[in-house]
Structure formats: C-alpha cells, structure tokens
Amino acid sequence: MDFNELYLIKDELEQINKTYEIFNEDIRLNRSKAARVEFLTTVRYIEKYLKPGDKILDIGAGAGEYSLYFANKGHCISAVELSDNNIAAFSKKIQPQHDIDLYQGNAVDLSLYESNSFDVVLLFGPLYHLHNESDRQKCISEAKRVCKPSGKLFFAFISNDMVIATELSWNPKYLEENTYDHETFKVEDFPFVFFTVDVCRKMLLDGGIKIFHEVASDGLSELMAEQINSLSDEGYSQYLKYHFYCCEKPEMLGRSNHLLFVGEK
C-alpha cells in the first residue's frame, strides 16, 4: 500500500484502515525524544483529573500507548480501534495483569457501552479521519453520552496551520505544490483531516462541550525534532519544562502539529 493507492480508496472506513498500513502507529509516540513530547503532555493533562478507580474509555486507541500506560497504573480500560494493523499491534502487548477490554469498532457508534459509564473518555484518533461534520458531531455526541456527568473528555486534532511549516521544513518546494489552497492555506485533507484552532473550538462548542484547556500538545517538537533528539537528558528535561510552561499560551496553539482540548459535557 502506498499513497497513490490510498488516494484511490473512496470508502472512508476502508481508507482509515489502510492508512495504518502506511503509518506505523505502534512507534509514533515513542520513537524519539521529540515524538514523546505529545504523549508526555497528554498524560500530564489526563492525570490532572484522573482519580484512583476511574474507568477510562480510549476511543481510537491506536496501538494502545495510552491504554497500556494507564492499565499499568491499575485503571480499568475499555478501548475501541478500527484499524486491523493497530488492533494486531495492541493485542500483542496486552498482559494478563492488564484490565483492558479491546474492541474493534467505529467511533461514531459506541452502542456497546451504556450512557454515563466512564470517568475519562479519550478521543485521540477519530477526528483525524472524519471528513463530514455530521460524522464528527456524531462522534463527539457518542463520547459525551458514555461519559459520566462529572467525567472529563479529551480530544485530539491535527493543526492545519502548523502542517504547512513542517512540510516546508522537509520539502523546500512545498509552497509551490497544490496540496493546499494557495489563498486560504487550507491543507488538503489527505490522508488526515486538518483543522485550525478556531474550527476545533467551534466544533466542540457546537457539540455541547465545555472547554477547560486548549493545549499545543507537541508544540514545535516535529519542526525541531533533530535539535530536541540531540539534547542530553538534562537538556530534554528542561525543554519539557519550557514546553509545559508555554503549551497553553494562546499564541502557541497555532504552532503545534497536534492539539489537545479538555472539557466536560
């Protein structure tokens, strides 16, 4: 499977499934110091609200990075994932001591779960892929439904505006190409769906989410990966402190490849 073959697939569910034959989600969040910034930031915000005994639903769980982390801390995890490759990678890592229920399914239909069942709901993959606003709102609605009234919801997005900067860093001719609108700078939604900060915010507010935090979850880490990966352990620790210091500053939100929104229904 390559990008040309992927582009020809018109069925959205099949395209999502095949995307992870190209992208190795199993190593994305742990392959380097720079890549780890997103994970460490996201865990930091989840742990602001997570209490002992809380039940977690991980929707679009990928290869299980977050589910396994919190299962190792003793939490009961339910996980939903669509991709065959991700399901296979995740399944191999589940150990007998893990309280994990892994289900292959679609984020827009969580009928397997009762309403008001979970203390924490993670929605970290599906909104990267849903092209239609109606599907995105259905996805948000289902996440809300299964979350307890006192629970917290965590949403991840890929930031449209930072994609242009990071693509340019790899490809000096990127701005001459036609994979984005040359007037509006909207990036073509392939193989992922990209949003500006304002669109992310409006999407959640329209879905009835009360937003507590808007976070530049990986900040400049993709753009500066080479420099970050060369840091000593002491330097990396200080870089993380700097990142945590500024990741909620409004002026930083558009300069992050991934965004994290935290809220409740």
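Residues numbered from 1 in each chain as written. Predicted model: local features only at pLDDT ≥ 70, side-chain atom pairs only at ≥ 80, totals over all residues. Heavy atoms only, no water.

Visitor: Help me understand the pattern of salt bridges in this model?
Guide: Two side chains with opposite charge may pair up if their charged atoms get near one another. Within the structure shown, the criterion is met by eleven salt bridges. For Lys-33, the salt bridge goes to Asp-233, with nearest N and O atoms at 3.7 Å. Taken together, the positions of Lys-33 in helix α4 (residues 33-49) and Asp-233 in helix α11 (residues 233-246) put the pair 200 residues apart, joining distant regions of the chain. One salt bridge in this structure joins Lys-186 and Asp-189, with 2.7 Å as the shortest N-O distance. Each of Asp-198, Arg-201 and Glu-214 takes part in salt bridges that share partners, so that together they form one network. (Salt bridge = Lys/Arg side-chain N within 4 Å of Asp/Glu carboxyl O. Helix = DSSP H or I, 4+ residues; strand = E, 2+ residues; numbered from the N terminus.)

Visitor: Where do I start with a negative patch on the surface in this structure?
Guide: Together, Glu-167, Glu-176, Glu-177 and Glu-222 make up a region of like negative charge exposed at the surface. Note that Glu-176 resides in the loop between α8 (160-170) and α9 (197-206). (Patch = residues over 30% accessible without salt bridge, like charges linked within 9 Å, V, L, I, M, F, W, Y side chains within 5 Å. Areas by Shrake-Rupley, 256 points an atom, 1.4 Å probe, with all protein chains shown as cover. Lys, Arg positive; Asp, Glu negative; His and termini not counted. Charge placed at Lys NZ, Arg CZ, Asp CG, Glu CD.)

Visitor: When you look at the nonpolar core in this model, what are you seeing that I'm missing?
Guide: One broad trend across soluble globular proteins is that nonpolar side chains are buried collectively. Core analysis: the largest hydrophobic core is formed by 34 residues, its most contacted members being Leu-122, Phe-124 and Phe-154. What Phe-124 contacts, discounting residues up to four positions off in sequence, is Thr-42, Ile-46, Ile-59, Tyr-66, Phe-154, Phe-155, Ala-156 and Leu-260. (Core = buried A, V, L, I, M, F, W, Y, C linked by side-chain atoms within 4.5 Å. Buried < 20%, exposed > 50% of the residue type's maximum accessible area, 1.4 Å probe, protein only. Contact = heavy atoms within 4.5 Å.)

Visitor: Which parts of the structure should I look at to understand α8?
Guide: Think of an α-helix as turning once every 3.6 residues; residues three or four places apart then point the same way. Listing the buried residues of α8 in full gives Asn-160, Met-162, Val-163, Ile-164 and Thr-166. In this structure, the buried residues of α8 make contact with β5 (147-158).

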